[in-house]
Amino acid sequence: MKHGFADKVLAWFDVFGRHDLPWQKSLTPYPVWISEIMLQQTQVQTVIPYFNRFIARFPSINALAQADLDEVLSLWTGLGYYARARNLHKTARIISEFHQGEFPRSQQDLQQLPGIGRSTAGAISAICFHERVAILDGNVKRVISRAFAIGGWPGQRATAEQLWAQAEAVLPYERINAYTQAMMDLGATVCVGKAPLCDLCPVSDACQALEHQKISDYPGKKPKVSKPTRRTIMLVVKTRAGEIRLAQRPPEGIWGGLYSFPELNQEELDALAPQLPSPPRALETLKHSFTHFHLLIEPMLVEIEAIEDIPRIHHEAWLSEDNSEAFGLCRPAQKIIQTLLG
Ligand code: SF4
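Computed from a predicted structure; not experimentally measured.

K.L.:
I would appreciate a short explanation of the overall build of the protein chain in the present structure.
P.N.:
Helix and strand content of the protein chain: 14 helices and 8 strands. In terms of overall dimensions, the protein chain has C-alpha extents of about 75 × 45 × 30 Å along its principal axes. Taking all 342 residues of the protein chain together, 50% fall into the buried category. Here the contacts in the protein chain between residues at least 6 apart in sequence split such that 68% fall between residues at least 24 apart. Looking at the protein chain as shown, the accessible area adds up to about 17800 Å², and 50% of this sits on carbon and sulfur atoms. The centroid of the 35 positive side-chain charges in the protein chain is displaced by 6 Å from the centroid of its 36 negative side-chain charges.

Structure follows, in structure tokens:
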């Protein structure tokens, strides 16, 4: 299949590929980069409205570079993995300041920028600058590992190297930009995770996983490790007028720079309770999973008459009806606020 692979994928793309996604309007690096970063952990349909809002507010790399990080995070609220938004902002500033607002044109150089890994760098340089390089996002990994029966978990170095080598070995010499988009589309719409649509696949006649009826073995699964569970209490203060107290988190670490609620443990809450204007009331517990642990969040609500009834805390802000769009909120804070505001 080696020599025919790219031709088949390209012929399929011309008929069945996606050609009208918002970031395909102009294949220039800025929108392609924003879309690639948004798509890293998120489905296309979810990304589209976020992408449109983001580009409307920051139409160029210089506009993004000049923005406040708070506003960038606020437009990112709901997409999760906020390090991506912080890195976008950092990279915009680097390109604006040190590259006269022009993106580097090779995968190698793009990869030096914050938040741009080898695959994202490859997508930008192949789509926008026609550099003949491979990409290996989640969708493409699935296609390559199945079509060429490359086992093992792609998070392992040896497997990743094999996948990269195979992805590079089948690159076409022409139309690299279309091929790059085609591979992403093939993985997203045909060679999907569960129940791929092999009948519609342009490379099914030579797909090794299909031939051996072993599709579910590819790509290899991540070895299971059980994650520990941690517990925290979030103190939620709400006034009679409906204002809700937030606290901005430190710039680095979990939910860096986002707004959340002050966190404490049970002992701290017990010590604080007598000083509060009303007894804290438990709201529904939430579970939030991170890469390395689960977090059980027990929100405790304190209702007060007015903002002055509670001592100030560091980095506090009050969310109200008038400014509810202004804060980049972590996901649990969003959920708690939704519950409170009904
Ligand atoms: S034949 Fe099926 S498993 Fe193989 S690449 Fe195509 S869709 Fe994926």
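Resuming the write-up.
K.L.:
Can you help me understand the side chain of Thr 77 in this one?
P.N.:
In this structure, Thr 77 sits in the loop between helix H5 (69-76) and helix H6 (83-98). The exposure class of Thr 77 is buried, given its relative accessible area of 13%. A polar contact of 3.2 Å, which involves the side chain of Thr 77, links it to the backbone nitrogen of Leu 329. Thr 77 has contacts with Tyr 50, Tyr 82, Phe 327, Gly 328, Leu 329 and Gln 334, leaving out every residue within four places of it along the chain.

K.L.:
Please clarify how the pairing of strand S1 (residues 229-239) should be interpreted in this entry.
P.N.:
Residues in a regular strand project their side chains so that they alternate between the two faces of the sheet. Taking burial as the measure, the 11 residues of S1 include 8 buried ones, the bulk of the element. One ladder, built from 2 bridges, connects S1 with strand S4 (residues 263-264); its direction is antiparallel. For Ile 233, the partnering residue across the bridge sits in S4 and is Leu 264.

K.L.:
I would appreciate a short explanation of the packing of aromatic side chains in the present structure.
P.N.:
Note on aromatic pairs: each is described by the distance of the centres and the angle between the planes. The tally for this structure, following the rule as stated, stands at 10 aromatic pairs. Arranged with centres 6.1 Å apart and planes meeting at 50 degrees, the rings of Tyr 30 and Trp 33 form a pair that is tilted. You can see Tyr 30 and its partner Trp 33 sitting in helix H2 (residues 29-39), 3 residues apart, about one turn around the helix. Both residues of the pair, Tyr 30 and Trp 33, count as buried. Judged by centre distance (5.1 Å) and plane angle (70 degrees), the rings of Phe 54 and Phe 58 are edge-to-face. Under the relative-accessibility criterion, Phe 54 is labelled buried at 0%. Overall, the relative accessible area of 0% leaves Phe 58 in the buried class. Ring pairing ties together the aromatic residues Tyr 30, Trp 33 and Phe 103, which thus form one cluster. A cation sits over an aromatic face here: Arg 53 above Tyr 50, 4.9 Å from the ring centre. Taking NZ or CZ as reference, Arg 132 lies 3.8 Å from the ring centre of Tyr 173, over its face.

Cut-offs used in this document
- Residues numbered from 1 in each chain as written.
- Predicted model: local features only at pLDDT ≥ 70, side-chain atom pairs only at ≥ 80, totals over all residues.
- Heavy atoms only, no water.
- Helix = DSSP H or I, 4+ residues; strand = E, 2+ residues; numbered from the N terminus.
- Buried < 20%, exposed > 50% of the residue type's maximum accessible area, 1.4 Å probe, protein only.
- Contact = heavy atoms within 4.5 Å.
- Areas by Shrake-Rupley, 256 points an atom, 1.4 Å probe, with all protein chains shown as cover.
- Lys, Arg positive; Asp, Glu negative; His and termini not counted.
- Charge placed at Lys NZ, Arg CZ, Asp CG, Glu CD.
- Polar contact = N/O pair within 3.5 Å; in protein donor to acceptor, adjacent residues only side chain to side chain.
- Pairing = 2+ DSSP bridges.
- Phe/Tyr/Trp six-rings, centres within 6.5 Å; stacked < 30°, edge-to-face > 60°.
- Lys NZ or Arg CZ within 6 Å of the ring centre and 35° of its normal.

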